[in-house]
Amino acid sequence: MRTAVVTLLLALVFACSAYGQPNVILIVTDDQRWDTLARMPTVRAELQAKGVTFSNAFVVNPLCCPSRAAILTGMYSHRNGVWDNRGAHGFPRFEDGATLPVWLDSVGYETILIGKYLNGYWPPFAQATYVPPGWDRWFANWRHPQHYFDYRMTDGTNVHAFGSDPADYATDVLAAEAIRFIRNVGREPFFLYWAPKAPHITNVHQSRFSTDPAPRHVDRFAGLGRWRAPNVNERDVTDKPGWIRKRSRFAAADLAELREEQLESLLAVDEAIAGMLAALEERGKLSNTLIAFTSDNGWTWGEHRWINKVVPYEESIRVPLVVRYDRLGLPARTERRLALNVDLAPTIAEAAGLEVEGVEGRSLIPLLAGSPSGWRRSFLFEQGGAAGVPAYCAFRGLRWKYVQYENGVEELYNLGRDPYELRNLRPVRWRTPLVMRYRLRVRRSDCRPPGFGRPLALCSRFGSRGRDRIHGSRRRDWICARAGGDWIDVRRGRLDVVRCGPGFDRVRADRRDRLHDCERVTRRA
């Protein structure tokens, strides 16, 4: 089911009857790493020090348009249909009639979007006068916001062009619009979705190492030094997929420039948040406003010889997430349980007194209140293939990460011992049982990116199309015979699994081994 069914609860949900529905501000930056908040003083002092910081927050598809679709719907790409930034599996697949602003607008919220909507919000898929359902006010980037200067915005009626003066700096323009809205909004509650370009690089087709900070912030972090994470310019990539192995390492100066400028671009975002908080305080609205700060995906600074998102590595899928909601009256703390971007829509919906069915995320309200029950210990994430990275289905848990690509390549990491993902354990034979369990999870999941085909079989060894003599090991084996009359001996193994193929197969097995479609079986007592 791709359309979320919304049941409006006009009675008490999350103390709404006692206090009324809260205002909501959702801030979504663009390509911001999870580990960059230390350089944002307002976020640290006013959000982290007065709210809940989710130290294990992730996106379920590390690419702009699919991630933003997940935020607005609470659903994965396999449910909402948005897999890519462009083409048939991008914006045209997005059903904008079943989104968070639609739900909120239906119960009286004044809704406004300021900044980036979705990649593909331009001709031929949309015109500048198109305002998606649920939005009462609209101030969106028209066409993809490639630049911090010389860009255009649409209010749903007119397109406004901005130039190259310092006053036209994109983050500042969006900040002024948000502050103006907070000061002048007449109807409450309101939902403000604020989505600046920062810290996205200026133009991917010109330089992958260039971001434009506000003129007043240029060189603020000059001389910050080299980025020295252990997996930057990873030396030994023989265990990595082929698209990583063929990449060269980056110059340290280029990586330092990228890091410094992206951090500098976030200072204007930090100042914008300070301005919004001040406006809320002036209007007496701060205590009744839920503020959530996050990003659409992460970004790599040369880790695994990669600069971009899309990849399944931590720097790409991990994002900042901070929630401040003074109404709860809870002390500031760090929450280490797993939070996802698909959780944001059901969280805001619950705070607004809505019960949303059909979403795949979970409300974070129990985590905010410190009383979760049966919370997730792992999650599925997926990607449809972009920037030369094959499509994949993956699982990330508290300790393990498993990735299965459309071309059959697999990766397995023990994040407890190897947080920088330097050693792919998939080739290690004694990890085969764990790999098989993850293969089964992929097969049972709904993850089927375009072109992915069939998930890998639950086999560690295959027979040929002729007659084979196959001997199992002393460890656990998953044997898949093929055509021909095969002779298979898996005695002395550990709970082996044998799938026989066409032909008359003879199998010798232990009593507890699992055999499928085998003609003659001799079991050892």
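All figures in this text were calculated on a predicted structure; none of them were measured in a lab. (Residues numbered from 1 in each chain as written. Predicted model: local features only at pLDDT ≥ 70, side-chain atom pairs only at ≥ 80, totals over all residues. Heavy atoms only, no water.)

### Notes on helix α8 (residues 252-282)
- Between its first and last C-alpha atoms α8 spans 46 Å; for 31 residues at 1.5 Å apiece the expected length is 45 Å, and the two agree.
- Among the 31 residues that make up α8, 22 are buried, leaving the element largely enclosed by the rest of the structure.
- G284 sits one or two residues past α8 and shows a positive phi near 70°. (Helix = DSSP H or I, 4+ residues; strand = E, 2+ residues; numbered from the N terminus. Expected span 1.5 Å × (residues − 1). Buried < 20%, exposed > 50% of the residue type's maximum accessible area, 1.4 Å probe, protein only.)

### Side note on the packing of helix α6 (residues 170-184) against α8
- Direction vectors running N to C along α6 and α8 enclose 10°, while the axes themselves pass 9 Å from each other. In this view, α6 runs roughly parallel relative to α8, as classed from their interaxial angle. Across the interface between the two elements, T171, D172, A175, A178, I179, I182 and R183 of α6 pack against A268, V269, A272, G275, M276, A279, L280 and E282 of α8.
- By residue class, the composition of the contact of α6 with α8 is 10 nonpolar, two polar and three charged. (Axes fitted to C-alpha atoms, helices over the stretch in contact; angles between N-to-C directions. Parallel < 35°, antiparallel > 145°, perpendicular 65-115°, else oblique. Contact = heavy atoms within 4.5 Å. Nonpolar A, V, L, I, M, F, W, Y, C, P; charged D, E, K, R; others polar.)

### As for the layout of surface pockets
- By volume, the second largest pocket is sized at about 290 Å³.
- If you trace the second largest pocket, you find 16 residues lining it, with W34, E314, R318, P419 and Y420 closest to the centre.
- Per-class residue counts for the lining of the second largest pocket are seven nonpolar, two polar and seven charged. (1 Å grid on protein atoms, 1.4 Å probe; cavity = no way out; pocket = protein on both sides within 12 Å on 5 of 7 lines; lining within 4 Å. Points joined across faces, edges and corners; volume = space filled by probe spheres on them.)

### Describing the state of the cysteines
- If you walk through the whole model with that rule in mind, you get three disulfides.
- Disulfide partner of C393: C447, at an S-S distance of 2.0 Å. What sets the handedness of the C393 and C447 disulfide is the S-S torsion sign, and at about -90° it is left-handed. Of this pair, C393 sits in strand β16 (residues 392-397) while C447 sits in the loop between α12 (432-444) and β19 (461-462), and the two are 54 residues apart along the sequence. (Disulfide = S-S within 2.5 Å.)

### Focus on the sheet that holds strand β2 (residues 23-29)
- Judged by pairing direction, the sheet is mixed, and its 10 strands sit side by side in the order β8-β7-β6-β5-β9-β2-β10-β11-β3-β12 without closing on themselves. Only two strands of the sheet have a single partner each, and these edge strands are β8 (159-162) and β12 (333-335). On average, each strand axis in the sheet is tilted by 15° relative to the strand beside it, whichever way the strands run. (Pairing = 2+ DSSP bridges.)

### A closer look at the nonpolar core
- Counting residues in each nonpolar core, the largest one holds 53 residues, and the members touching the most others are L26, F54, Y117, F191 and Y193.
- Among the elements that take part in this core, helix α10 (residues 344-351) stands out by supplying five residues, more than any other.
- With near-sequence residues (within four places) excluded, L26 lies in contact with I71, F191, L192, Y193, W194, A292, L344 and I348.
- Judged by nonpolar contacts, the second largest core, of 44 residues, contains I244, L340, L380 and L434. (Core = buried A, V, L, I, M, F, W, Y, C linked by side-chain atoms within 4.5 Å.)

### Remarks on the pairing of β2
- Within β2, seven of the seven residues are buried, leaving the element largely enclosed by the surrounding structure.
- Alternating positions in β2 separate into two faces, N23, I25, I27 and T29 on one and V24, L26 and V28 on the other, with burial throughout.
- Across seven bridges, β2 lies against strand β10 (residues 289-295) in parallel orientation. Within the sheet, the bridge partner assigned to I27 lies in β10 and is F293.
- In the sheet, β2 pairs with strand β9 (residues 190-195) via four bridges, with the strands oriented parallel. Bridging across to β9, L26 finds its partner in Y193.

### Points about the sheet that holds strand β24 (residues 506-510)
- Judged by pairing direction, the sheet is parallel, and its four strands sit side by side in the order β20-β22-β24-β26 without closing on themselves. Lying at the two open borders of the sheet, with one neighbouring strand each, are β20 (469-471) and β26 (520-524). For this sheet, the mean inter-axis angle between neighbouring strands, taken without regard to orientation, is 15°.

None of the figures reported here should be taken as evidence of function without further support.
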